[in-house]
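If you want the building blocks of each chain, they are given just below.
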Amino acid sequence: MGLGRRIGDTLRLPTKPGRIVLVVLVVLALAAGAGGAVAVQAPNVLSDLGLTSAARAEKDLPAPVPQLTALHGDAPVPSSAGLGTVLGPLASSSALGTFAGVVVDPAAQAGAAPLWQQSPAEPLVPGSTGKLLTASAALLTLNATDRFATRVVAGAEPGQVVLVGGGDPTLTALPQGRTGIYPEPARLDDLVAAVQKAMNGQKVTSVVVDTSLWTGPVLAPGWDPADIPGGNVAPIVPLTLDGGRLDPAQLDGARTTTPAVDAGQAFARKLGLAASAVSEGKAPANAKQLGQVYSAPMSSLVETLMTTSDNVLAESLARAVALTRDGDPSFAGASEQVLAALSQAGFDVTGAHMVDGSGLSTEDRVPPRLLGTLLAAAAAPTSPGQGPEFLRPIVSGLPVAGGDGTLEDRFDTGTASAGRGVVRAKTGTLTGVSALAGVVTDVDGRLLVFALMSNGRSPATVRPRLDTIAATLSRCGCR
């Protein structure tokens, strides 16, 4: 795979014409057969793990499915009446607080009404399901092979170098052979090696940290500063190591309040310099480049975003959208350009109001109709030759219920357990906010998209109910 465009050193790029992607997706556990049923001789996984059938019963886990099958385009479509009969009582529970949701057939023609809906246009706080907007805009605006770039250039004084942030939150100080949360991270060690080679024996005496790529405040409206030590986010600047994590291996570990300075000091240490040799500033115009490293491609970063729900990565992608579309690389500018990119691609963003790219803000509002439309575009079937499948990484990165990512510890009791390995979805959780939006295959082999949103009740109460609704779809022909 080529490097594609390198975000950070070539940022003001022509915007890709808006297109709605149509993608074929087989959603079954971790794999699916191609063109027919595939018999699977499953090993005794329970014994291999030292568990017994009694342990399975105690945990209320479903028995393994012995066969995987491909989806068929002619599978029956659930009726609105059938879905209403099954989902209506679940969705009307007062325990859900203010609830809205949709169920969509991704194979239906664009603009078709949802198969089932309840208050589909009501804007609610989305939590991290708001990342679906950012991820979609990034894939529609950037190329799948684009990468963030972090550069080092010569400073204004002899022996001085400037570490220029290019928006890559995956940059790491970890050595080769060790990886934190992000795939294929760019490494400071590679930058150090490139700089030392380019300096041709001249000693580096000081490091300047340049974060001028982005503008505005480093925390968005509606964010709680306690989320930094709480592990949810770091100050949003274009130069950071491992998303600002103090421990690169802990997904939700505490974050630093000074990510750019920390990155500069880590770089300086690898060059044999003290922390005092680091200062903040700006690279000279037309400075000589001494080295450059690149992130994983955008398609891989979007998949990681969907699986881990990393807020810093989401904000970086939103800024890349803003810069590519010649917008202001601030929270306000990035939010504006994300919605503009979706609108240009033909999505109806009426009712959506975002103040960040991650959904962490309590001031964000999104109607479930928009979440459903985005996922339907990403999961719909295509015919060969219809063009690039721009939005595919959104669905391929969705966590598997009971399997990985933010759904690893969900769908584990009662009726909800039927969704394990069958439901794939993006979660959204804040105080008084719970959302679940994804894809599921019903008993007839029909792929369905759903978006479920609740405001005003504790996630501890609501999340199991949303899991049950999604799992119910997996067991329902509903005709």
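First things first, this report covers the structure right here in the doc. (Residues numbered from 1 in each chain as written. Predicted model: local features only at pLDDT ≥ 70, side-chain atom pairs only at ≥ 80, totals over all residues. Heavy atoms only, no water.)

## Topic: helix H9 (residues 331-344)
Taking 1.5 Å per residue, 14 residues should reach 20 Å; H9 reaches 20 Å between its end C-alpha atoms and fits that length. Every buried residue of H9 is accounted for by Phe331, Gly333, Ala334, Ser335, Gln337, Val338, Leu339, Ala341 and Leu342. Considering only its buried residues, H9 is in contact with helix H4 (131-141), helix H8 (311-324) and helix H10 (368-379). Residue Gly346 follows H9 closely and has a positive phi angle near 100 degrees. (Helix = DSSP H or I, 4+ residues; strand = E, 2+ residues; numbered from the N terminus. Expected span 1.5 Å × (residues − 1). Buried < 20%, exposed > 50% of the residue type's maximum accessible area, 1.4 Å probe, protein only. Contact = heavy atoms within 4.5 Å.)

## A few points about the nonpolar core
With 58 residues, the main nonpolar core has Leu133, Phe347 and Ile394 as its most contacted residues. At eight residues, the largest contribution of residues to this core is made by H10. Apart from the residues lying within four places of it in its own chain, the contact partners of Ile394 are Leu132, Ala135, Ser136, Leu139, Val302, Met306, Leu375 and Ala378. Counting residues in each nonpolar core, the second largest holds 28 residues, with Phe99, Trp116, Val440 and Phe450 among its members. (Core = buried A, V, L, I, M, F, W, Y, C linked by side-chain atoms within 4.5 Å.)

## What to know about the packing of aromatic side chains
Tallied over the full model, the rule gives one aromatic pair. For the pair Trp223 and Phe331, a centre-to-centre distance of 5.2 Å together with 75 degrees between the ring planes defines the contact as edge-to-face. In this pair, Trp223 is assigned in the loop between strand S8 (206-210) and helix H6 (259-270) and Phe331 in helix H9, connecting sequence segments 108 residues apart. For Trp223, a relative accessible area of 10% translates into the label buried. Against the face of Trp214 rests Arg319, its NZ or CZ located 5.1 Å from the ring centre. (Phe/Tyr/Trp six-rings, centres within 6.5 Å; stacked < 30°, edge-to-face > 60°. Lys NZ or Arg CZ within 6 Å of the ring centre and 35° of its normal.)

## Remarks on the pattern of salt bridges
For the structure on display, the rule yields seven salt bridges. Notably, a salt bridge pairs Arg255 with Asp310, separated by 3.6 Å at the nearest N-O pair. Within this pair, whereas Arg255 is found in the loop between S8 and H6, its partner Asp310 is found in the loop between helix H7 (298-308) and H8, the two being separated by 55 residues in sequence. One exposure class covers both Arg255 and Asp310, and it is buried. Its salt-bridge partner being Asp348, residue Arg369 comes within 3.9 Å of it at the nearest N-O pair. (Salt bridge = Lys/Arg side-chain N within 4 Å of Asp/Glu carboxyl O.)

## Side note on the pairing of S8
Burial within S8 is extensive, with five of its five residues counted as buried. Of the two faces of S8, both are covered, the one formed by Ser206, Val208 and Asp210 as well as the one formed by Val207 and Val209. One ladder, built from five bridges, connects strand S7 (residues 160-164) with S8; its direction is parallel. Across the sheet, the residue bridging to Val162 is Val208, located in S8. As paired elements, S8 and strand S9 (residues 278-280) share three bridges and run parallel to each other. Following the sheet pairing, Val209 is matched in S9 by Glu280. Handedness of the crossover is the feature at issue here: the chain leaves S8, passes through H6, returns alongside S9, and the resulting connection is right-handed. (Pairing = 2+ DSSP bridges. Right-handed = clockwise from strand over helix to strand, strands pointing away.)

## Here's the deal with the environment of Gly272
Summarising the element assignment, Gly272 is placed in the loop between H6 and S9. Overall, Gly272 belongs to the exposed group, its relative accessible area being 59%. It is 8.7 Å that separates the C-alpha atoms of Gly272 and Val204, two residues lying 68 residues apart in sequence.

## Points about the sheet that holds strand S4 (residues 98-104)
The five strands are arranged S5-S4-S13-S12-S11 in an open sheet whose pairing can be described as antiparallel. The sheet is open, and its two borders are formed by strand S5 (116-118) and strand S11 (424-430), each paired with just one other strand. Here the average twist between neighbouring strands, direction ignored, is 10 degrees. The pairing of S4 with strand S13 (residues 447-455) spans seven bridges and is antiparallel. Across the sheet, the residue bridging to Phe99 is Ser454, located in S13. (Axes fitted to C-alpha atoms, helices over the stretch in contact; angles between N-to-C directions.)

## Let's talk about the pairing of S7
With five of five residues buried, S7 is to be regarded as a mostly interior element. Neither face of S7 is open: one carries Gln160, Val162 and Val164, the other Val161 and Leu163, and all of them are buried. Sheet analysis places strand S6 (residues 147-154) next to S7, joined by four bridges and oriented antiparallel. Bridging from a neighbouring strand, Ala154 pairs with Val161 of S7. Connecting S6 to the antiparallel partner S7 that follows it, the hairpin turn spans five residues, and Gly159 within it adopts a positive phi of roughly 85 degrees. Crossover handedness for the path S7 to helix H5 (residues 188-199) to S8: right-handed.

## Quick notes on the packing of helix H3 (residues 80-91) against helix H12 (residues 459-474)
The contact between H3 and H12 brings their axes to 10 Å, and the two run at 165 degrees. As the angle between them shows, H3 and H12 are arranged roughly antiparallel. Considering how the two elements wind past one another, H3 and H12 form a crossing that is right-handed. The segment H3 lies against H12, with Leu83, Val86, Leu87 and Leu90 engaging Thr468, Ile469, Thr472 and Leu473. When the residues that make up the contact of H3 with H12 are grouped by side-chain class, the tally is six nonpolar, two polar and no charged. (Parallel < 35°, antiparallel > 145°, perpendicular 65-115°, else oblique. Left-handed = near helix turned anticlockwise from the far one by under 90°. Nonpolar A, V, L, I, M, F, W, Y, C, P; charged D, E, K, R; others polar.)

## Considerations on the environment of Thr145
Take Thr145: it is sitting in the loop between H4 and S6. Owing to a relative accessible area of 25%, Thr145 belongs among the partly exposed residues under this scheme. Along the sequence, Thr145 and Ser300 sit 155 residues apart, while their C-alpha atoms lie 8.9 Å from each other.

## Here we look at the state of the cysteines
Within this structure, the stated rule accounts for one disulfide. At a sulfur-sulfur separation of 1.1 Å, the disulfide partner of Cys476 is Cys478. The S-S bond linking Cys476 to Cys478 shows a torsion near 120 degrees; that makes this disulfide right-handed. Here the two residues Cys476 and Cys478 agree in accessibility, since each one is buried. (Disulfide = S-S within 2.5 Å.)

Nothing here speaks to function; it is geometry throughout.
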